[in-house]
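One letter stands for each residue in the lines below.
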Amino acid sequence: MSLDISETKNEVQTLPILRHFLDANKECFIPHYSGPNMKMVKLHSWQDYESLPLTKWKIKQPSDDDLREDALDTGGLDVILMPGLGFSCQGSRLGRGKGYYDSYLQRCADKGYKPLTVALAFNEQIFDTIPVDNNDVKIDMKQAPELFTGYLSVVNIILNDLWS
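Residues numbered from 1 in each chain as written. Predicted model: local features only at pLDDT ≥ 70, side-chain atom pairs only at ≥ 80, totals over all residues. Heavy atoms only, no water.

Draft legend 1. Structural view of the pattern of salt bridges. In the structure shown here, the tally under the stated rule is seven salt bridges. Between Lys42 and Glu69 there is a salt bridge whose closest N-O contact spans 4.0 Å. Residue Lys42 is found in strand S3 (residues 37–43), and its partner Glu69 is found in the loop between helix H2 (46–50) and strand S4 (79–82); the two are separated by 27 residues along the sequence. Judged by its relative accessible area of 15%, Lys42 is buried. On the basis of relative accessible area, Glu69 is assigned to the partly exposed category, the value being 31%. Note that Asp73 is salt-bridged to Lys111, the shortest N-O span being 3.9 Å. (Salt bridge = Lys/Arg side-chain N within 4 Å of Asp/Glu carboxyl O. Helix = DSSP H or I, 4+ residues; strand = E, 2+ residues; numbered from the N terminus. Buried < 20%, exposed > 50% of the residue type's maximum accessible area, 1.4 Å probe, protein only.)

Following this line, the structure appears as structure tokens:
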């Protein structure tokens, strides 16, 4: 599983999800951004996450000289929890405009991998339509945490079959 680390009020908080799965000894990957490229690198534990340095954008990620397992080199990912500013009812995603996730999903497809893509979104982030272009990859599922007593249960339901 891979997830974007979100700590802003504008996106669903993903740190509780990360901690839950790391504490359960599940394989977790997070984005590592370097220039125009993004790869998904392995985290070993919650302590590993806490020890990561902050980038100039206030995102925790391994430093460039911290060589880690890359998901595309070791069999790909089962699930990617996708970040976004907005999502359409048809599965379109509005990111932050750099195309990191669209490019990453294309690299997955080029290697024959098709991870399940899931957007965790607040109801206010879901629209009838959003602007997209030809490079935008649609997501497979949208989940709004307000619809459930706890969004960790939603993630558990989604991932249960994959990791059982």
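After that view, the rundown keeps rolling.
Draft legend 2. Representation of helix H3 (residues 100–110) within the structure. Of all the positions in H3, only Tyr101, Asp102, Tyr104, Leu105 and Cys108 are classed as buried. All buried residues of H3 project into a common sector of 165 degrees when viewed along the axis, lining one side. If you follow the buried residues of H3, they end up packed against strand S2 (28–34), S3, S4, strand S6 (93–94) and strand S7 (116–120). The first or second residue beyond H3 is Gly112, which carries a positive phi of 85 degrees. (Arc of directions from axis to C-beta. Contact = heavy atoms within 4.5 Å.)

Draft legend 3. Representation of the nonpolar core within the structure. Ranked by size, the top nonpolar core spans 20 residues in total, and within it Met1, Ile17, Leu18, Leu43, Tyr49 and Leu81 carry the most contacts. Every element with two or more residues in this core is listed here: helix H1 (15–23), S2, S3, H2, S4 and S7. Ranked by residue count, the leading element in this core is H1, at five residues. Once residues lying within four places of it in the same chain are set aside, the contact partners of Leu81 are Met1, Ser2, Leu3, Asp4, Ile17, Val118 and Leu120. Listed in part, the 17 residues of the second largest apolar core include Phe29, Met38, Met82 and Leu105. (Core = buried A, V, L, I, M, F, W, Y, C linked by side-chain atoms within 4.5 Å.)

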